[in-house]
Amino acid sequence: MSAENLLLALDDEYKSYSFYMSASPLGEIFVNLQNAEAAHISALTYQLQKLNTPIPNNPYFNAIMPPNNKVEALQTALMYENANIALYNNLITNEQDLDVLDVFYRLQAASFNNHIPALQNALSQYAQDNAMNMMDILNNGKELLNETGEMVTRLKEGNLTQEQLEGFLGKLNYSLMGGVIAGAFGVIIFNELLNQKNKE
């Protein structure tokens, strides 16, 4: 069973390697995991060579579609790593060669102890970073809302200068919140300007 088991393991490692290669532009973690998979492939091919078994080419090379974003890449990677652990569980129960078993145990441990924790940490960090960005957006929106109220009050009282208005509208244009939300604040000012003109 050794050669058959090794070929099954190699096919899975080929698939993981190719996925990480496709995801490598999305972050260093995928480059590191691609390098780790290359080491796994070398360990398996060494055992196959000892058995004089031909080494197949990687059938997944340039055949796996790259993930759309980092979150998708991390989630897919976790799926690959969990499937890899399950595969080695099956291979280990059907293997007798001690050298091959040692390789299987080591590769499975690498996924369980190194790859999965690294992916989970990266996914958690990504979520935290985006939560902080959302808080920044909300705080920025609150500040602009308050300033919009002040601008409207000054406009109603006739105390808003052209320079102040242009400065505020310029701030909206460079807001981190994006054009749609920033534009909404601009509409408030524009409507008040129309009201003032109609009163005149």
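Procedures and definitions
- Residues numbered from 1 in each chain as written.
- Predicted model: local features only at pLDDT ≥ 70, side-chain atom pairs only at ≥ 80, totals over all residues.
- Heavy atoms only, no water.
- Helix = DSSP H or I, 4+ residues; strand = E, 2+ residues; numbered from the N terminus.
- Buried < 20%, exposed > 50% of the residue type's maximum accessible area, 1.4 Å probe, protein only.
- Contact = heavy atoms within 4.5 Å.
- Areas by Shrake-Rupley, 256 points an atom, 1.4 Å probe, with all protein chains shown as cover.
- Salt bridge = Lys/Arg side-chain N within 4 Å of Asp/Glu carboxyl O.
- Expected span 1.5 Å × (residues − 1).
- pLDDT = per-residue confidence, 0-100.
- Lys, Arg positive; Asp, Glu negative; His and termini not counted.
- Polar contact = N/O pair within 3.5 Å; in protein donor to acceptor, adjacent residues only side chain to side chain.

**Q** What am I meant to see in the overall build of the protein chain here?
**A** The number of helices and strands found in the protein chain is 6 helices and 0 strands. For the protein chain, the sequential pattern of α-helices and β-strands runs α-α-α-α-α-α. By the burial criterion, 38% of the 200 residues in the protein chain qualify as buried. Sequence separation of 24 or more characterises 78% of the internal contacts of the protein chain that already satisfy a separation of 6 or more. In the form shown here, the protein chain has an accessible surface area of approximately 11,900 Å², with 55% of it arising from carbon and sulfur atoms.

**Q** What am I meant to see in unusual backbone geometry here?
**A** Residues apart from glycine generally show negative phi values, whereas peptide bonds are mostly found in trans. Residue asparagine 52 is not a glycine yet carries a positive backbone phi of 55 degrees. The backbone of asparagine 62 shows a phi angle near 60 degrees, a positive value even though the residue is not glycine. Topologically, asparagine 62 is positioned in the loop between α2 (28-50) and α3 (70-93). With a relative accessible area of 64%, asparagine 62 lands in the exposed category.

**Q** Any chance you could explain the pattern of salt bridges here in plain terms?
**A** This structure, assessed with the given rule, holds 2 salt bridges. As a salt-bridge pair, aspartate 102 and arginine 106 come within 3.1 Å of each other at their nearest N and O atoms. Linking aspartate 102 with arginine 106, this pair stays in helix α4 (residues 98-157), spanning 4 residues, or about one helical turn. Under the relative-accessibility criterion, aspartate 102 is labelled partly exposed at 41%. Since its relative accessible area comes to 46%, arginine 106 is described here as partly exposed.

**Q** Sorry if this is basic, but what is going on with α2 here?
**A** For an α-helix, the turn length of 3.6 residues means that residues three or four places apart are oriented alike. With 23 residues, α2 should reach 33 Å at 1.5 Å per residue; the first-to-last C-alpha distance of 34 Å fits that figure. Those residues of α2 lying buried are Ile29, Phe30, Leu33, Gln34, Glu37, His40, Ile41, Ala43, Leu44, Thr45, Gln47 and Leu48. At the C-terminal side of α2, asparagine 52 shows a positive phi close to 55 degrees.

**Q** I'm lost on the confidence of the model for the protein chain in this one. Help?
**A** When pLDDT drops low, the exact placement of atoms in the prediction is not to be read closely. Summarising the model, the protein chain shows a mean pLDDT of 79, and 65% of its residues fall at 70 or more. Note that pLDDT drops below 50 for residues 172-190; the model gives that stretch 26 contacts with residues more than four away or on any other chain.

**Q** How should I be thinking about the side chain of glutamate 13 in this particular structure?
**A** With respect to the element layout, glutamate 13 can be found in helix α1 (residues 2-23). Buried within the structure, glutamate 13 lacks any salt-bridge partner; its nearest side chain of opposite charge belongs to arginine 106, at an N-O separation of 11 Å. Reaching out from glutamate 13, the side chain makes a polar contact with the side chain of histidine 40 at a distance of 3.4 Å. Excluding residues within four positions of it along the chain, glutamate 13 makes contact with Glu37, His40, Ile41, Leu44, Asn84, Tyr88 and Leu107.

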